[in-house]
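# Remarks on the overall topology
Each chain, written out:
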Amino acid sequence: MNTDAKLEQLLRSGLKEMQIDASELQLSQLLSYLQLLIKWNKAYNLTAVRDPIEMIYRHLLDSLSILPYVQAGELTDVGSGAGLPGIPLAIMKPDLQVLSLDSNGKKTRFQFQVKATLNLTNFDVQQVRAEALQLSTRSKQLVSRAFASLKDFVNLTKPLAAKDARWLAMKGLYPEDELAELPEGYICEQEHLLQVPREEGQRHLLVLVKQMKG
Ligand SMILES: C[S@@+](CC[C@H](N)C(=O)[O-])C[C@H]1O[C@@H](n2cnc3c(N)ncnc32)[C@H](O)[C@@H]1O
């Protein structure tokens, strides 16, 4: 079996194991994204993960592990790097409109290329520091993976967030210390253990909200 066929087979079986139904178009978009990531990573150093098989688990499937907790509508991905988790989520969830933010021009150029190649109409990207951005409509749902502490994630993005916003923070180790340092008035409303095939370490999703008064 050639390498591309092997990657396709591993992705198909990983999605199946996670009970994610992908159409043939979605599957081919995920594979095209993977191919672009492999190609651009050589020159642009987008991710420390170099092995294409590892990219399937640590990037594509890890991003998709939060699918059950993402609500339809808009989602702002903060510090998205190579487009993670925003690009896999935009591919798999057409009822989601993703705004992807990163301060690094090489990374946002890569994301523009992915958007154009895959014709991802529900995905937009901006090169900006999150704390410098002003949105005309504030975001109800923000996500980050490997971006910042919980405290910094909330503090840097407060001006972007609607009153009833949910901050989805993807974490490896359970961030006990970070939870103790949440900005005043913010609570962790939900915690979910995330399951990714072949990945042994525990992964967590914490959903943070601003506590309503009264
Ligand atoms: C460790 S990478 C994580 C990338 C991606 N979320 C992932 O999981 O692979 C963190 C990213 O945050 C970006 N970043 C750091 N500070 C930022 C800020 N204040 N605003 C926007 N992006 C920022 C960096 O350029 C980098 O691409």
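Treat the numbers as computed from the prediction; the structure is a model and nothing was measured.

Rules used in this analysis
- Residues numbered from 1 in each chain as written.
- Predicted model: local features only at pLDDT ≥ 70, side-chain atom pairs only at ≥ 80, totals over all residues.
- Heavy atoms only, no water.
- Axes fitted to C-alpha atoms, helices over the stretch in contact; angles between N-to-C directions.
- Helix = DSSP H or I, 4+ residues; strand = E, 2+ residues; numbered from the N terminus.
- Parallel < 35°, antiparallel > 145°, perpendicular 65-115°, else oblique.
- Left-handed = near helix turned anticlockwise from the far one by under 90°.
- Contact = heavy atoms within 4.5 Å.
- Buried < 20%, exposed > 50% of the residue type's maximum accessible area, 1.4 Å probe, protein only.
- Arc of directions from axis to C-beta.
- Pairing = 2+ DSSP bridges.
- Salt bridge = Lys/Arg side-chain N within 4 Å of Asp/Glu carboxyl O.

Helix 3 (residues 52–64) packs onto helix 2 (residues 24–44) with a crossing angle of 125° between their chain directions and a minimal axis gap of 11 Å. The orientation of helix 2 with respect to helix 3, classified from their angle, is oblique. Judged by the twist between their axes, the crossing of helix 2 over helix 3 is right-handed. Of the residues in helix 3, those touching helix 2 at Leu30, Tyr33, Leu34, Leu37, Ile38 and Asn41 are Pro52, Met55, Ile56, His59, Leu60 and Leu64.

For the rest of this paragraph, the subject is the environment of Leu142. By the element assignment, Leu142 lies in strand 4 (residues 139–145). Filtering out sequence-adjacent residues up to four positions away, Leu142 remains in contact with Leu75, Thr76, Val78, Phe153, Thr157, Leu160, Ala161, Ala165, Arg166, Trp167 and Leu168.

This brings us to helix 6 (residues 150–157). Every buried residue belonging to helix 6 is among Leu150, Phe153, Val154 and Thr157, and all of these are buried. Down the axis, helix 6 shows its buried residues gathered within 90° of arc, on one side only.

Most of strand 4 is tucked away, with 6 of its 7 residues classed as buried. As paired elements, strand 1 (residues 73–78) and strand 4 share 2 bridges and run parallel to each other. Bridge pairing in strand 4 links Thr76 to Leu142. Here strand 4 runs beside strand 5 (residues 161–171); their pairing, made up of 6 bridges, is parallel.

What follows covers the environment of Phe153. Considering the arrangement of structural elements, one finds Phe153 in helix 6. Taking the relative accessible area as the measure of exposure, Phe153 reaches 1% and is therefore buried. Linking Phe153 and Ala169, residues 16 residues apart in sequence, is a C-alpha distance of 8.2 Å. Residues contacting Phe153, with those up to four places away along its chain left out, are Val78, Leu142, Val143, Ser144, Phe147, Ala148, Trp167, Leu168 and Ala169.

Bringing the pattern of salt bridges into the picture now. In this structure the tally under the stated criterion is 11 salt bridges. With a shortest N-O distance of 2.9 Å, Glu24 and Arg12 are connected by a salt bridge. Here Glu24, found in helix 2, pairs with Arg12, found in helix 1 (residues 3–17); they are 12 residues apart in sequence, far enough to count as distant. Take Arg12: its relative accessible area is 35%, and that puts it in the partly exposed class. Here Lys93 and Asp95 are joined by a salt bridge, their closest N and O atoms 3.2 Å apart. On the basis of relative accessibility, which here comes to 43%, the residue Asp95 falls in the partly exposed class. Here the residues in one salt-bridge network are Asp62, Arg145, Glu199 and Arg203, joined through shared partners.

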